Amino acid sequence: MSMQNPVFIPGPTNIPDSVRKACDMATLDHRSPAFARLFKPAVEGVRRVLRMDQGEVIVIPSTGTGGWEAAVTNTLSPGDTVLAARFGMFSHRWIDLCQRHGLNVQIIETPWGQGAPLAAIEAALKADVAGKIKAVLATHNETATGVKSDIAGIRTAMDAAGHGAMLFVDGVSSIASMPFDFTGWGVDIAVAGSQKGFMLPAGLAILGVSPKAIAAMETATLPRTFFDFKDMLASYARGGYPYTPAVGLIAGLAHSIDLLEAEGLESVYARHHRLAEGVRRAVFAWGMEPYAASLDLYSDTVTAVKVPQGCDGTALVQLAATKYGMAFGVGLGEVAGKVFRIGHLGMLTEAMLLSGLCVAEMCMADLGWPVKLGSGVAAAQEYYRGTVPAMALAAE
Ligand SMILES: *Cc1c(COP(=O)(O)O)cnc(C)c1O
């Protein structure tokens, strides 16, 4: 695998040089005021990225999966019911985690390629007259299928049902790359990880927690130690940490948020949309389609490409790695072999993405897939030519 080529996996993502440098620092005593000075801007920055007016930001040495575990163990008790739709590998894994913690998961089975089923969620909440459902779990961006779900719509469904459950959102592959509105959507816990939109190495679970979820800690009895928000918040109040923090990653997080805000969050989201749209043009030009079932579901951070009959998506990913030193995502679970995935989030430009589309095409040709070399690249080129923002042109 070439270490020079950009990666096109939907996380971990490419790390900007300045973020790598920001992470590389001499040992700092995490019980000194210097740590508090480093930590505060990172926490405040996450608050702005999530658009949180109230509540707490929690940063744990972990990954997104640890963020899921922290969300449920801090707020729920064994036997509690949670409502979740299953439509891909990541929604499946969060459900599995809940079940292993002794929660009763009311699962809405949804075909892969679809998003969160709003009407079914509303109906399930309306049917729950006893108020047994304590939380609704939502995977904002299903990384396995390249499907984004309508979190505002879930909030509307919850309000329409007049249900008081909490709303927990897995934003691991959306936050910092696609619009997110913690307060506006009435989210109670948002989960992110460092290695996707934040463009850092893996190693942090990043959470936003609402006052309602904080209050739920008082009665929640699932065991928790490492992930206990109470210990975290008590230490934060003293400018510290309950154990040794990942200091370098926290320094990198503050810097990566500086980069996102220097570009402007709205511009970051617009760039992701533009990059994604170019990829989709390429996919259609190849005579293929995104796995996402409809246009409104297309993710701006990852595209799962449905491969033609008789072709193997995994073979393409293997060939790209071994012959061209480039990384794409394989199909997971139910869609193994049926798709390959192009990650298009984090530090990426049109030019970088064109290199990925170009290598994907070479692999298709090598494998004898019915694709004309240059067809997808040309479609993306045409789209990018017409949509590069005026600011970039003015800067020339
Ligand atoms: C990557 C990802 C996860 C898992 O995060 P880890 O950091 O690998 O633990 C969870 N959910 C979604 C949607 C993801 O994309």
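The structure displayed is predicted, hence computed values, not measured ones. (Residues numbered from 1 in each chain as written. Predicted model: local features only at pLDDT ≥ 70, side-chain atom pairs only at ≥ 80, totals over all residues. Heavy atoms only, no water.)

J.: I'd like a description of the overall build of the protein, backed by residues and values.
T.: Helix and strand counts for the protein come out as 14 helices and 13 strands. Here the C-alpha atoms of the protein give a radius of gyration of 21 Å, agreeing with the 21 Å that 2.2 N^0.38 yields for 396 residues. In terms of its C-alpha atoms, the protein occupies a principal-axis envelope of roughly 60 × 55 × 40 Å. Residues counted as buried form 59% of the 396 residues belonging to the protein. Working note: accessible area of the protein is about 15,700 Å², and carbon and sulfur atoms make up 56% of it. Mean positive and mean negative side-chain charge positions of the protein (31 and 36 charges, respectively) differ by 2 Å. (Helix = DSSP H or I, 4+ residues; strand = E, 2+ residues; numbered from the N terminus. Rg over C-alpha atoms; globule rule 2.2 N^0.38 Å. Buried < 20%, exposed > 50% of the residue type's maximum accessible area, 1.4 Å probe, protein only. Areas by Shrake-Rupley, 256 points an atom, 1.4 Å probe, with all protein chains shown as cover. Lys, Arg positive; Asp, Glu negative; His and termini not counted. Charge placed at Lys NZ, Arg CZ, Asp CG, Glu CD.)

J.: Describe in detail the packing of aromatic side chains, supporting the description with residues and values.
T.: The final tally for this structure, using the stated rule, is 14 aromatic pairs. On the numbers, 5.8 Å between centres and 20° between planes, the contact of phenylalanine 8 with phenylalanine 328 is stacked. Here phenylalanine 328 lies in the loop between helix H11 (313-324) and strand S12 (329-330) and phenylalanine 8 lies in the segment before helix H1 (17-23), a separation of 320 residues in the sequence. A relative accessible area of 0% places phenylalanine 8 in the buried class. Between phenylalanine 35 and phenylalanine 39, the ring centres sit 5.3 Å apart and the planes meet at 15°, which makes this aromatic pair stacked. (Phe/Tyr/Trp six-rings, centres within 6.5 Å; stacked < 30°, edge-to-face > 60°.)

J.: Describe the sheet that holds S12, and please don't skip the residues or the numbers.
T.: Across the sheet, 4 strands lie side by side as S10-S11-S13-S12; this open sheet has antiparallel pairing. Either end of the sheet is taken by a strand with one partner, and the two such strands are strand S10 (289-290) and S12. Sheet topology note: the strand S11 (residues 302-306)/strand S13 (residues 339-343) ladder contains 5 bridges and is antiparallel. Counted as the bridge partner of threonine 303 is isoleucine 342 from S13. (Pairing = 2+ DSSP bridges.)

J.: Describe the packing of helix H10 (residues 265-285) against helix H12 (residues 350-366), naming the residues involved and giving the relevant values.
T.: At a minimum axis separation of 10 Å, H10 and H12 run at an interaxial angle of 25°. Between H10 and H12, the interaxial angle falls into the category roughly parallel. As H10 runs across H12, the sense of the crossing is right-handed. For the pair H10 and H12, contact is made by Arg274, Leu275, Gly278, Val279 and Ala282 and by Glu350, Leu353 and Leu357, respectively. (Axes fitted to C-alpha atoms, helices over the stretch in contact; angles between N-to-C directions. Parallel < 35°, antiparallel > 145°, perpendicular 65-115°, else oblique. Left-handed = near helix turned anticlockwise from the far one by under 90°. Contact = heavy atoms within 4.5 Å.)

J.: Any chance you could break down the domain arrangement of the protein for me, citing the residues and the numbers?
T.: Assigned domains within the protein: domain 1 (17-261) and domain 2 (264-395). For domain 1 and domain 2, the distance between their C-alpha centroids amounts to 28 Å. Contacts between the two partners involve 26 residues from domain 1 and, on the opposite side, 24 residues from domain 2. Summed over both partners, the interface of domain 1 with domain 2 comes to about 2,100 Å²; 62% of that surface belongs to carbon and sulfur atoms. Linking domain 1 with domain 2 are 0 salt bridges, by the criterion used here. Counting across the domain 1 and domain 2 interface gives 10 residue pairs in polar contact (both at pLDDT 80 or more). Of all elements in the fold, only helix H2 (33-50), helix H4 (89-100), strand S6 (147-148) and helix H9 (247-263) reach the threshold of two or more residues within the side of domain 1 that touches domain 2. Its residues assigned to classes, the side of domain 1 that touches domain 2 comprises 12 nonpolar, 10 polar and 4 charged. (Domains from an automatic or database assignment. Buried area = accessible area lost by both parts, 1.4 Å probe. Salt bridge = Lys/Arg side-chain N within 4 Å of Asp/Glu carboxyl O. Polar contact = N/O pair within 3.5 Å; in protein donor to acceptor, adjacent residues only side chain to side chain. Nonpolar A, V, L, I, M, F, W, Y, C, P; charged D, E, K, R; others polar.)

J.: Outline empty space enclosed by the protein, supporting the account with residue identities and numerical values.
T.: Summed over the entire model, instances satisfying the criterion amount to 3 cavities of 30 Å³ or more. In this structure, the largest cavity occupies an estimated 50 Å³ of space. Breaking the lining of the largest cavity down by element, the ones donating at least two residues are strand S2 (81-86) and strand S4 (133-139). Top contributing element to the lining of the largest cavity by residue count: S4, with 4 residues. (1 Å grid on protein atoms, 1.4 Å probe; cavity = no way out; pocket = protein on both sides within 12 Å on 5 of 7 lines; lining within 4 Å. Points joined across faces, edges and corners; volume = space filled by probe spheres on them.)

J.: Please provide a residue-by-residue account of the site of the ligand, values included.
T.: Around the ligand sit Thr63, Gly64, Thr65, Trp68, Phe90, Asn141, Thr143, Asp170, Val172, Ser173, Gln195 and Lys196, and that is every residue in its neighbourhood. One of the side-chain N or O atoms of threonine 143 is found 2.5 Å from an oxygen atom in the ligand. When the ligand sits alone it has 380 Å² of accessible area, and the protein chains cover 88% of it. A per-element tally of the shell around the ligand places helix H3 (residues 64-75) first, with 3 residues. Split by residue class, the shell around the ligand holds 3 nonpolar, 7 polar and 2 charged. (Near = heavy atom within 4 Å.)

J.: So what about the sheet that holds strand S9 (residues 204-209)? Which residues, and what values?
T.: Taken together, the 7 strands give an open sheet; going across it, the order is S1-S9-S8-S7-S4-S2-S3, and neighbouring strands pair in mixed fashion. Strands at the two margins of the open sheet, each flanked by one partner only, are strand S1 (56-61) and strand S3 (104-109). Averaged over all adjacent pairs, the angle separating strand axes in this sheet is 20°, with direction ignored. With 4 bridges connecting them, S2 and S4 associate as parallel partners. Among the inter-strand pairings, valine 82 is bridged to a residue of S4, identified as alanine 135. Sheet strands touched by H2: S1, strand S8 (189-193) and S9. Its angle to S1, the strand with the most contacts, is close to 120°.

J.: Can you explain the pattern of salt bridges? Please cite residues and give values.
T.: Overall, the coordinates contain 16 salt bridges when judged by the stated rule. A salt bridge links aspartate 159 to arginine 155, with the nearest nitrogen and oxygen atoms 3.1 Å apart. On the criterion of helical spacing, the pair formed by aspartate 159 and arginine 155 is a turn pair, its members being 4 residues apart in helix H6 (residues 151-160). For arginine 155, a relative accessible area of 15% corresponds to the buried category.

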